[in-house]
Amino acid sequence: MSPRVVLLVTSPRLPAGVLTAQAWDLVRAHPVLAAAESEQAQGLRAAGAAVTVVPATVDSLLAAIAEHGTVVWLAAPDGDEQLARELGLRLAREPGLAELELLYGSWDPPGARLLDAVTVMDRLMHPEAGDPWKRAQTHHSLAPFLLEEAYELYDAIRDDDTEAVREELGDVLLQVVLHARLGEETAGFTIDDVAGDLVDKLIRRNPHVFADTEVGGIDEIIANWDQIKKAEKARDSAVDGVALSQPALALAAKLLQRVARAGLDVPPPSGDDLGAKLFALVAKAQAEGADAEAALRETALSYREAVRRAERS
């Protein structure tokens, strides 16, 4: 077999020692070199692989190849791109020295960068080396920012601005990660508890996907969701759990929606006061399949543009 060097790339976001069968066969059969100690190097060594720390140079690799024939280079988390580039150029000029092979021993699963977000937040919340502003926050002090970021995301969606949607989703995610980190310090729950509760809820409330429940369409899916949610929450009223901090038009629409789903016959408030009149308009919009909150928002934005045109004229 021709002399060769195998660049073994692994995911830094997976536990040490989580490798493919091909990678394990390789590291057990040949010397493994690395530029520095790492959890991955220690894990391989503990499993019986011969791992040696050497200078990250082409010459040290070529010397090892000359001695052993085949060696494995355990790449650092960044992939050791500079070393790989220099080695590739050297072997391209002198192809008889060795063959170069790239092997992915493990790779990031979908959602792996969420682990990076948690790691960065841990650094920001460090009691000594972290960010004093973030450490001074509470759930209450952050609540306005959560609303602001949600509204900015809403605007991006309304504008069909996909780049802005991506950015604003990140800002909303920041709020989730930060609130979860505060919960870890003050209430004893972690981001894993938050994610675990969500996973359990999604599985529980979608039995047509994760169990053998049969549904005839979206209406049945919604009905099943509401029924399961009602059993979970054990609420005393159809309007319990409605978010009271949402805009008033949206709040009125949500209350009317809950009443309709529950099959209740509760007439809207009556009277000549402004609140009753607005509520009646929301009820009328709901009956016609319209969104009063969205309609008023569009009209307000149109008025804003009219003001700008008037200012320019």
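Residues numbered from 1 in each chain as written. Predicted model: local features only at pLDDT ≥ 70, side-chain atom pairs only at ≥ 80, totals over all residues. Heavy atoms only, no water.

## A word on the packing of helix α3 (residues 58-68) against helix α4 (residues 81-93)
Logical step 1: Contact geometry of α3 with α4 gives a least axis separation of 10 Å together with a crossing angle of 60 degrees. Taken as axis vectors, α3 and α4 run oblique relative to one another. Remark: the crossing between α3 and α4 carries right-handed chirality. Packed against α3, whose contacting residues are V58, D59, L61 and L62, the element α4 presents L83, E86, L87, R90 and L91 at the interface.
Logical step 2: Here the contact of α3 with α4 is built from residues that sort into six nonpolar, no polar and three charged. (Axes fitted to C-alpha atoms, helices over the stretch in contact; angles between N-to-C directions. Helix = DSSP H or I, 4+ residues; strand = E, 2+ residues; numbered from the N terminus. Parallel < 35°, antiparallel > 145°, perpendicular 65-115°, else oblique. Left-handed = near helix turned anticlockwise from the far one by under 90°. Contact = heavy atoms within 4.5 Å. Nonpolar A, V, L, I, M, F, W, Y, C, P; charged D, E, K, R; others polar.)

## Notes on a nonpolar patch on the surface
Logical step 1: A grouping of L114, L173, V176, F189 and V194 is seen on the molecular surface, where their side chains present a nonpolar patch of about 360 Å² in accessible area.
Logical step 2: Examined against the element boundaries, L173 turns out to sit in helix α8 (residues 162-186). (Patch = residues over 30% accessible without salt bridge, like charges linked within 9 Å, V, L, I, M, F, W, Y side chains within 5 Å. Areas by Shrake-Rupley, 256 points an atom, 1.4 Å probe, with all protein chains shown as cover. Salt bridge = Lys/Arg side-chain N within 4 Å of Asp/Glu carboxyl O.)

## So, α8
Logical step 1: End to end, α8 covers 36 Å across 25 residues, agreeing with the expected 36 Å (1.5 Å per residue, within 8%).
Logical step 2: Among all positions in α8, only A164, E168, V172, Q175, V177, L178, H179, A180, R181, L182 and G183 are buried.
Logical step 3: G188 occupies a position one or two residues after α8 and carries a positive phi of about 80 degrees. (Expected span 1.5 Å × (residues − 1). Buried < 20%, exposed > 50% of the residue type's maximum accessible area, 1.4 Å probe, protein only.)

## As for the pattern of salt bridges
Logical step 1: Counting across every chain of the model gives 20 salt bridges.
Logical step 2: The partner of R90 in a salt bridge is E94, and the shortest N-O contact between them spans 2.8 Å.
Logical step 3: Judged by its relative accessible area of 34%, E94 is partly exposed.
Logical step 4: With a shortest N-O distance of 3.6 Å, R304 and E305 are connected by a salt bridge.
Logical step 5: Here the salt bridges share partners, and the residues they tie into one network are R13, D108, R113 and D116.

## Some points on the pairing of strand β1 (residues 4-9)
Logical step 1: For β1, the buried fraction is high: six of the six residues fall into the buried class.
Logical step 2: Residues R4, V6 and L8 of β1 are buried on one face, and the alternating residues V5, L7 and V9, pointing to the opposite face, are buried as well.
Logical step 3: The pairing of β1 with strand β4 (residues 70-74) spans five bridges and is parallel. Paired with R4 across the bridge in β4 is T70.
Logical step 4: Taken together, the six bridges between β1 and strand β5 (residues 99-104) define a ladder with parallel strand orientation. Residue L8 lies in a different strand from β5, and its bridge partner there is L103. (Pairing = 2+ DSSP bridges.)

## A look at the packing of helix α5 (residues 112-124) against α8
Logical step 1: The contact between α5 and α8 brings their axes to 10 Å, and the two run at 55 degrees. By the angle between their axes, α5 is oblique relative to α8. Every pair of crossing elements has a handedness; the one defined by α5 and α8 is right-handed. Residue-level inspection shows L114, A117, V118, M121 and D122 of α5 in contact with α8, the latter providing L173, L174, V177, L178 and R181.
Logical step 2: Of the residues assigned to the contact of α5 with α8, the class counts are eight nonpolar, no polar and two charged.

## Comments concerning the sheet that holds β4
Logical step 1: With parallel pairing, five strands are arranged side by side in an open sheet as β3-β2-β4-β1-β5. In the strand order of this sheet, the two ends are held by β3 (51-53) and β5, each with one partner. Direction aside, the axes of adjacent strands within the sheet are offset by 30 degrees on average.
Logical step 2: Each of β1, β2 (32-34), β4 and β5 touches helix α1 (residues 21-29); the most contacted strand, β1, lies at about 130 degrees to it.
Logical step 3: Lying over the sheet, α4 contacts β1, β4 and β5, oriented at roughly 150 degrees with respect to β5.

## Things to note about the UniProt feature "domain: NTP pyrophosphohydrolase MazG-like" (unreviewed entry) in the protein
Logical step 1: Under the UniProt annotation, "domain: NTP pyrophosphohydrolase MazG-like" (unreviewed entry) lies at residues 137-210.
Logical step 2: Across residues 137-210 one finds 86% helix and 0% strand; the C-alpha atoms that close the span lie 39 Å apart. (UniProt positions renumbered as here; feature names shortened; annotations may be inferred.)

## Concerning the nonpolar core
Side chains that are nonpolar tend, in soluble globular proteins, to be buried together.
Logical step 1: Core analysis: the largest hydrophobic core is formed by 17 residues, its most contacted members being V5, L33, L61, I65, V71, W73 and L87.
Logical step 2: For this core, the elements supplying multiple residues, two or more each, are β1, α3, β4 and α4.
Logical step 3: Not counting the four nearest positions on each side in its chain, V5 is found in contact with L61, I65, V71, W73, L87, E99, L100 and E101.
Logical step 4: Judged by nonpolar contacts, the second largest core, of 16 residues, contains V6, A41, L44 and V51. (Core = buried A, V, L, I, M, F, W, Y, C linked by side-chain atoms within 4.5 Å.)

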